[in-house]
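Chain and residue survey
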Amino acid sequence: MLGLLPKIPLYWSYRKFGFPHMMPFSVVVSVSYRCNSKCQTCDVWRKPNDDLTLEEWDKIFANIGRAPLYYTFTGGEPFLRKDTAEMALSAYRHARPAVITIPTNGILTRRIVEQVDRICAGAPKSQIGINLSLDALEEAHDAIRMVPGNWKKAMQTWQELKRLQKEHKNLVLTTHTVISNFNIDQFFEIYEGLQFLEQDSFITEIAEERVELDTVGWGITPMAQKYAPIADFLSAKAKERPVKGLAKLTQSFRAQYYQLAKQTLFEHRQVIPCYAGWASCQIAPNGDVWSCCIRAEGVGNLRDTNYDLRPIWRSPEMAAMRRSIRNGECACPMANASYANMVLHVPTLAKVSVDTLTR
């Protein structure tokens, strides 16, 4: 975070004037569409696969260099790949990011624990965040995920990760709930029911209709009126959570995020300027470069540029995408891009700073 502060005015200028050219500080890597869950809020597992190899990803990370402070490795289920740990460690070698985050459904216990162990040991200067996806309790979770026994396997994975955390101080364990029309009426019960896990953090995200997930038209996004009391509850909980140091800053950002998500659902507009395509981006499993996963509109493929992001980042196609975003032709509460946006928005940053200093 401190390393990013001097660059903030440069990102403002990049968005407004097109210079200086800045590389993204938040990069989401989709390692594969393959998934062993069949969620009612996601259809990504049906998509065809053309996954980049580990060697191809290493070239991409080398060309991106030190700019990213935050890498997310997602899917599908990231740990279906046997080399996800090697991918994360490749990104670490080339970028030394402050944070590496990986979500998981928790089904493949042995592989998940083994790979997380290697990532934590091999990336000691990064915070390694493992987000266990839990959308309800016990059988209700299995029903949403459409995998019998998912909850039981996820609990086994969690227990193993908690033991692993005693060995690796850079491991942060989070539970993550997608709030959709399938579980919003039970949310407060779900929240209370997950507290026994003693997670370092509990985070939520709104189920969205994404091109990436093939869920456009599914009607999975909850109404703003139903989500509003949940957002207020989560913001209050984030502020009262007894944390210190960097965790206090993180919780302050989280409290602001839930209010931002609520306002976005009500107003259907970019409540604060979106920097997807300037400060953040996503790379699809086949090397397509997107501004974000909501639109998932490829502006170039890294296999066509010798695995170098820069030609695509400075291309006319990306410039057209940025104009569309700057003109407010899309709006969403997607968490990953929203956190990057909040860091670059002075009023939000001021609120977070005040909240952090006065807690």
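The structure we're discussing is the one just above.
Residues numbered from 1 in each chain as written. Predicted model: local features only at pLDDT ≥ 70, side-chain atom pairs only at ≥ 80, totals over all residues. Heavy atoms only, no water.

Quick look at the side chain of S30 now. With respect to the helices and strands, S30 occurs in strand β1 (residues 26-30). In this structure S30 comes out as buried when scored by relative accessible area, which is 0%. For S30, the contacting residues outside a window of four places in its chain are W57, T74, E212, Q282, I283, A284 and P285. (Helix = DSSP H or I, 4+ residues; strand = E, 2+ residues; numbered from the N terminus. Buried < 20%, exposed > 50% of the residue type's maximum accessible area, 1.4 Å probe, protein only. Contact = heavy atoms within 4.5 Å.)

Take the nonpolar core next. One finds V29, Y71, F73, V116 and Y227 to be the most contacted residues of the largest nonpolar core, which totals 108 residues. The contact partners of V29, leaving out residues within four places of it in the chain, are W57, F61, Y71, T72, F73, T74, M87 and I283. (Core = buried A, V, L, I, M, F, W, Y, C linked by side-chain atoms within 4.5 Å.)

Before going further, it helps to examine helix α6 (residues 150-165). Spanning 16 residues, α6 covers 22 Å between terminal C-alpha atoms, matching the ideal 22 Å at 1.5 Å per step. Here α6 has its buried residues at N150, W151, A154, M155, T157, W158, L161, L164 and Q165. Buried residues along α6 sit in contact with α4 (109-122), β4 (127-133), α5 (139-145), β5 (171-179) and α7 (187-194). (Expected span 1.5 Å × (residues − 1).)

Turning our attention to the environment of L54. Within the secondary structure, L54 sits in helix α2 (residues 54-64). Residue classification places L54 among the partly exposed positions, given a relative accessible area of 21%. Residues L54 and A143 lie 89 residues apart in sequence; the distance between their C-alpha atoms is 34 Å. Beyond its immediate chain neighbours, meaning those up to four positions away, L54 contacts R81, D83, E86 and M87.

Enumeration over the complete set of coordinates arrives at 1 cavity of 30 Å³ or more. The space that makes up the largest cavity amounts to roughly 210 Å³. As for the largest cavity, its lining consists of 19 residues, and the residues nearest its centre are Q270, C274, A331, C332 and N341. Sorting the residues of the lining of the largest cavity by element identifies α9 (246-267) and α12 (335-343) as the ones contributing at least two each. Residues that form the lining of the largest cavity fall into these classes: 13 nonpolar, 4 polar and 2 charged. (1 Å grid on protein atoms, 1.4 Å probe; cavity = no way out; pocket = protein on both sides within 12 Å on 5 of 7 lines; lining within 4 Å. Points joined across faces, edges and corners; volume = space filled by probe spheres on them. Nonpolar A, V, L, I, M, F, W, Y, C, P; charged D, E, K, R; others polar.)

Remark: α4 packs on α6, axes separated minimally by 9 Å, with the N-to-C direction vectors making an angle of 25°. Relative to α6, the element α4 is oriented roughly parallel. Seen along the crossing, α4 lies across α6 with a hand that is right-handed. Across the interface between the two elements, T109, I112, V113, V116 and D117 of α4 pack against K153, Q156, T157, E160, L161 and L164 of α6. Of the residues assigned to the contact of α4 with α6, the class counts are 5 nonpolar, 3 polar and 3 charged. (Axes fitted to C-alpha atoms, helices over the stretch in contact; angles between N-to-C directions. Parallel < 35°, antiparallel > 145°, perpendicular 65-115°, else oblique. Left-handed = near helix turned anticlockwise from the far one by under 90°.)

Let's shift gears to the pattern of salt bridges. What the rule picks out here adds up to 19 salt bridges. Between D83 and R81 there is a salt bridge; the shortest N-O distance is 2.9 Å. You'll find D83 and R81 in the same group, each marked buried. Taken together, the shared-partner salt bridges in this structure form one network comprising E205, E208, R210 and E212. (Salt bridge = Lys/Arg side-chain N within 4 Å of Asp/Glu carboxyl O.)

Counted as a void, the second largest pocket has a volume near 250 Å³. When residues of the lining of the second largest pocket are traced back to their parent elements, those giving at least two are α8 (224-240) and α9.

The sheet built from 8 strands is open, its strands ordered β6-β5-β4-β3-β2-β1-β7-β8 with mixed pairing. Pairing within the sheet leaves two strands with one partner each, and these edge strands are β6 (201-206) and β8 (289-290). The pairing of strand β2 (residues 70-74) with strand β3 (residues 99-104) spans 3 bridges and is parallel. Its bridge partner lying in β3, T72 is registered against T101. (Pairing = 2+ DSSP bridges.)

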